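Chain by chain, the residues:
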Amino acid sequence: MSDPAILTEGLTKRYGSTTAVDELTLTVASDEIFGFLGPNGAGKSTTIGMLMDYIRPTTGSISVLAQDPQRDVVDVHSRVGILPDRYRLYDALTARQHLELVIDTKRVNNSPASLLDRVGLDDVDGQSVGTFSQGMEQRLALAMALVGGPDLLVLDEPFTGLDPHGVRTVREIVHEENDRGAAVFFSSHVLGQVEFVCDRIGILHEGRLVAEGTIDSLRAETNVGSDATVEEIFVSVTDGPVLTDESSPETTQ
Ligand SMILES: Nc1ncnc2c1ncn2[C@@H]1O[C@H](COP(=O)(O)OP(=O)(O)OP(=O)(O)O)[C@@H](O)[C@H]1O
């Protein structure tokens, strides 16, 4: 069996008295599409930041494509396509120029035109990004993540700002990339789409992984009914505080 795309063990990030990510142990296989869900402030972006070494963990370990993102940062960044939650584009540059920058940085030989075509920006190839709508920026950021045919795509809220055509495009790209052999790890609040796209999901709540599995297995585990939506599963596991060993009624009796 090949190495997992992502492996974290006991991964924890504290900011002062706030524990953003709490003992996260997670495995994402090299051939799967994994949806990483959770309410606002649950710790999703912090986790993604740690996977890419934008944020240093307080404790715990991380392996991305069998490499250490702190020690092997250049290798990890060359093999991962990242759509971060906050990205900076250059108003004066065109979409093509943005892609050329990433192509040069990754030292690959991709066609900016075909990447723009994939994300539906072929007709604004030479337009400066300062004139782009939010959805157009999001499409460009996705195209930048696709440069180099990454082994792992990490997408933080890829559906943000997209119209229904854009949402469909993202869905198709996620499946195409997975068919090509890439693992896909993405966070999203658009739970209806998650259902169409993911092999497995993990739900983070107050920094803790409170559910993980296929949608069918989570329906069974959470007793929400065999035809429950992802939204119903989500609400059932994130409604109320996380019970820890210390706070669980069983251990306090
Ligand atoms: N730099 C920071 N300093 C202090 N606290 C932070 C910092 N970054 C994040 N946090 C806190 O960590 C927690 C997790 O934040 P994070 O952005 O990872 O959540 P999220 O699940 O991505 O949320 P959302 O769905 O709203 O994007 C929150 O309580 C947040 O306030």
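Scroll up a little and you will see the structure.
Nothing here was measured: the structure is a model prediction, and the numbers come from that model.

What counts as what
- Residues numbered from 1 in each chain as written.
- Predicted model: local features only at pLDDT ≥ 70, side-chain atom pairs only at ≥ 80, totals over all residues.
- Heavy atoms only, no water.
- Helix = DSSP H or I, 4+ residues; strand = E, 2+ residues; numbered from the N terminus.
- Rg over C-alpha atoms; globule rule 2.2 N^0.38 Å.
- Buried < 20%, exposed > 50% of the residue type's maximum accessible area, 1.4 Å probe, protein only.
- Contact = heavy atoms within 4.5 Å.
- Areas by Shrake-Rupley, 256 points an atom, 1.4 Å probe, with all protein chains shown as cover.
- Lys, Arg positive; Asp, Glu negative; His and termini not counted.
- Charge placed at Lys NZ, Arg CZ, Asp CG, Glu CD.
- Core = buried A, V, L, I, M, F, W, Y, C linked by side-chain atoms within 4.5 Å.
- Near = heavy atom within 4 Å.
- Polar contact = N/O pair within 3.5 Å; in protein donor to acceptor, adjacent residues only side chain to side chain.
- Nonpolar A, V, L, I, M, F, W, Y, C, P; charged D, E, K, R; others polar.
- Phe/Tyr/Trp six-rings, centres within 6.5 Å; stacked < 30°, edge-to-face > 60°.
- Pairing = 2+ DSSP bridges.
- Expected span 1.5 Å × (residues − 1).
- Axes fitted to C-alpha atoms, helices over the stretch in contact; angles between N-to-C directions.

From N to C terminus, the protein chain includes ten helices and nine strands. For the protein chain, the C-alpha radius of gyration of 19 Å lies close to 18 Å, the compact-globule estimate for 253 residues. Along the first, second and third principal axes, the C-alpha atoms of the protein chain reach 65 × 40 × 40 Å. The buried share of the protein chain, reckoned over its 253 residues, is 49%. A separation threshold of at least 6 residues defines the contact pool for the protein chain, and within that pool the share at least 24 residues apart is 66%. Working note: accessible area of the protein chain is about 12,400 Å², and carbon and sulfur atoms make up 46% of it. Averaging the locations of the 19 positively and 40 negatively charged side chains of the protein chain gives two centres separated by 6 Å.

Among soluble globular proteins, nonpolar side chains are generally buried collectively. In terms of nonpolar packing, the biggest core is built from 46 residues, with Leu140, Leu155, Phe186 and Ile201 touching the most fellow members. The greatest single-element share of this core, amounting to seven residues, is contributed by helix H5 (residues 134-146). Once you skip the residues sitting within four places of it in the chain, Leu140 turns out to touch Leu89, Ala95, His98, Leu99, Leu116, Leu121, Val129 and Phe132. Within the second largest apolar cluster, 26 residues are counted, among which are Val21, Phe34, Phe36 and Val80.

What follows covers the site of the ligand. The environment of the ligand is made up of Tyr15, Thr18, Ala20, Pro39, Asn40, Gly41, Ala42, Gly43, Lys44, Ser45, Thr46 and His189. Between the ligand and Gly41 there is a distance of 2.8 Å, counted from an oxygen atom to a backbone nitrogen or oxygen. Burial of the ligand by the surrounding chains reaches 58%, relative to a free accessible area of 640 Å². Among the elements that take part in the shell around the ligand, helix H1 (residues 44-51) stands out by supplying three residues, more than any other. Of the residues that constitute the shell around the ligand, the class distribution is four nonpolar, seven polar and one charged.

On to the side chain of Asp72. Summarising the element assignment, Asp72 is placed in the loop between strand E4 (59-64) and helix H2 (73-79). Judged by relative accessible area, which is 16%, Asp72 ranks as buried. Here the side chain of Asp72 touches Arg71 through a polar contact of 3.1 Å, side chain to side chain.

Let us now look at the environment of Val190. Along the chain, Val190 falls in the loop between strand E7 (183-187) and helix H7 (191-197). The partly exposed category is assigned to Val190, whose relative accessible area is 33%. Along the chain, Val190 and Glu157 lie 33 residues apart, while their C-alpha atoms are 8.4 Å from each other.

What follows deals with the packing of aromatic side chains. In this description, an aromatic ring pair is defined by two values, namely the gap between the centres and the angle between the planes. By the definition in use, this model includes three aromatic pairs. Between the aromatic rings of Phe36 and Phe185, the centroid separation amounts to 4.9 Å while the plane-to-plane angle is 35°, which identifies the pairing as tilted. A residue pair is termed long-range when its members are at least 10 positions apart, and Phe36 in strand E3 (residues 33-37) and Phe185 in strand E7 qualify at 149 residues. Assessed through its relative accessible area of 0%, Phe185 is described here as buried.

This part takes up the pairing of strand E9 (residues 208-213). Bridge count for strand E8 (residues 200-205) against E9 is five bridges, and the pairing is antiparallel. Its bridge partner being in E9, Ile201 is matched across the sheet by Gly213. Taken together, E8 and the strand that follows it, E9, pair antiparallel across an intervening segment of two residues, in which Glu206 is found at a positive phi of about 50°.

One turn of the α-helix equals 3.6 residues, which is why residues spaced by three or four share an orientation. The terminal C-alpha atoms of helix H3 (residues 95-106), which comprises twelve residues, lie 17 Å apart, in line with the 16 Å expected from a rise of 1.5 Å per residue. Looking at the buried positions of H3, the neighbouring elements they touch are H2, strand E5 (80-83), helix H4 (112-118) and H5. Following H3 by one or two positions, Arg107 has its phi on the positive side, about 50°.

The subject of this paragraph is the sheet that holds strand E2 (residues 18-28). Each strand in a sheet pairs with another by means of backbone hydrogen bonds, the pair being arranged parallel or else antiparallel. Strand order in this open sheet of three strands is E2-E1-E4, and the pairing throughout is antiparallel. A single partner strand is all that each edge strand has here, and the edge strands are E2 and E4. Neighbour-to-neighbour, the strand axes of this sheet turn through a mean angle of 20°, independent of strand direction. Judged from the seven bridges that link them, strand E1 (residues 6-15) and E2 form a sheet pairing that is antiparallel. Bridge pairing in E2 places Lys13 opposite Val21. Lying on the sheet, H1 is in contact with E1, E2 and E4; it crosses E1 at an angle near 115°.

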